[in-house]
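Each chain is listed here by its residues.
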Amino acid sequence: MIKALCLIYLIWGMNWVVMKTANSFFPPITFVAYRFLFGAAVLLSVWLWLRLPLPKKKYWPWIFLTGILQMGLNNIAAQTSMVTLGAGMVSVLNYSMPVFAAVMAHFLLGEKLTWRKGFGIVLALAGMAVLMDVHAGGDVTAIFIGLLSAVFWGLASIFVRLKLSDVNAISLTTWQMVCASLTLLVYTTVVPQGPVIWNKESILCLLYNGVLASALAFFLWSWILQHIEVSKASVAVLAVPIVGVIGGIICLGEPMTLHILLGMLMIMAGIYTVVTHERQQA
């Protein structure tokens, strides 16, 4: 279990650096489409190897919707925001998902929004406000798009819990990825996205995202969710943006001012307050 979590920290954490680098070679939506096409091919091989059955017909509309939200819109928003924002900042914005999920769960799942949860949400929102100070090097529009990635991810999580809790996790992830990649491929074919620069570095970015960050990491995530409580996994995975921030500083030379660090720490503290509350109530 520890080895699987550490591998996810490394793969997903450093992937923010790879995603930032990929913007030099791919239009954002094109890269997301190609990334999940490779990931879907790998996961389909695993799905066939395990001889898992197709999900029941009643689940397919929700598989398609959650695939578009979590693997399509979530990643498009994150990839697009990194055109002007640093990889570390976007990783923290993306992993503010538990905050938005807690609010949506209050209205859609009937999960009580307690004072502790409320405090965590307010703390995280205050941290986001700090990051949105343009004078600290932030782009308000890009930050908003980065936050949208978290909203899409949180909404997908709500729908999975509401409608897809009985579907095998590996099968669900596989077909979500297939639906997202095929939809994005159609979109990028109909709506031109700009040129792709093919070279050794761009191919390595695509392979890393498709094979490691999409197929392997999502496979490990599904396996972890089958062995520990979801709320505990939510706490554990918060180490990913920390790796993303460190990777952005070391590999990309991204600045880390006191102002930006304060905003990130406030967001992480707010998320931790929300998800540890859920863990204590599990």
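The structure contained in this document is the topic of the report that follows. (Residues numbered from 1 in each chain as written. Predicted model: local features only at pLDDT ≥ 70, side-chain atom pairs only at ≥ 80, totals over all residues. Heavy atoms only, no water.)

1. Some words on the overall build of the protein
Part 1 of the reasoning: Helix and strand counts for the protein stand at 12 helices and zero strands.
Part 2 of the reasoning: The linear arrangement of helices and strands in the protein, starting from the amino end, is α-α-α-α-α-α-α-α-α-α-α-α.
Part 3 of the reasoning: Each of the 282 residues in the protein was classed as buried or not, and the buried ones make up 53%. (Helix = DSSP H or I, 4+ residues; strand = E, 2+ residues; numbered from the N terminus. Buried < 20%, exposed > 50% of the residue type's maximum accessible area, 1.4 Å probe, protein only.)

2. Regarding the packing of helix H2 (residues 28-50) against helix H8 (residues 169-190)
Part 1 of the reasoning: At a closest axis distance of 8 Å, the pairing of H2 and H8 adopts a crossing angle of 145°. For the element pair H2 and H8, the recorded crossing hand is left-handed.
Part 2 of the reasoning: Residue composition of the contact of H2 with H8, by class: 18 nonpolar, seven polar and no charged. (Axes fitted to C-alpha atoms, helices over the stretch in contact; angles between N-to-C directions. Left-handed = near helix turned anticlockwise from the far one by under 90°. Nonpolar A, V, L, I, M, F, W, Y, C, P; charged D, E, K, R; others polar.)

3. Here's the deal with the nonpolar core
Part 1 of the reasoning: Trp12 and Trp16 are the most contacted members of the largest nonpolar core, which totals 79 residues.
Part 2 of the reasoning: Among all residues touching Trp16, those that are not within four sequence positions of it are Ala78, Met82, Ala87, Val90, Ser91, Asn94, Tyr95, Val240 and Gly244.
Part 3 of the reasoning: Judged by nonpolar contacts, the second largest core, of five residues, contains Leu69, Ala77, Phe152 and Phe159. (Core = buried A, V, L, I, M, F, W, Y, C linked by side-chain atoms within 4.5 Å. Contact = heavy atoms within 4.5 Å.)

Geometric descriptors of this kind do not, in isolation, establish any biological role.
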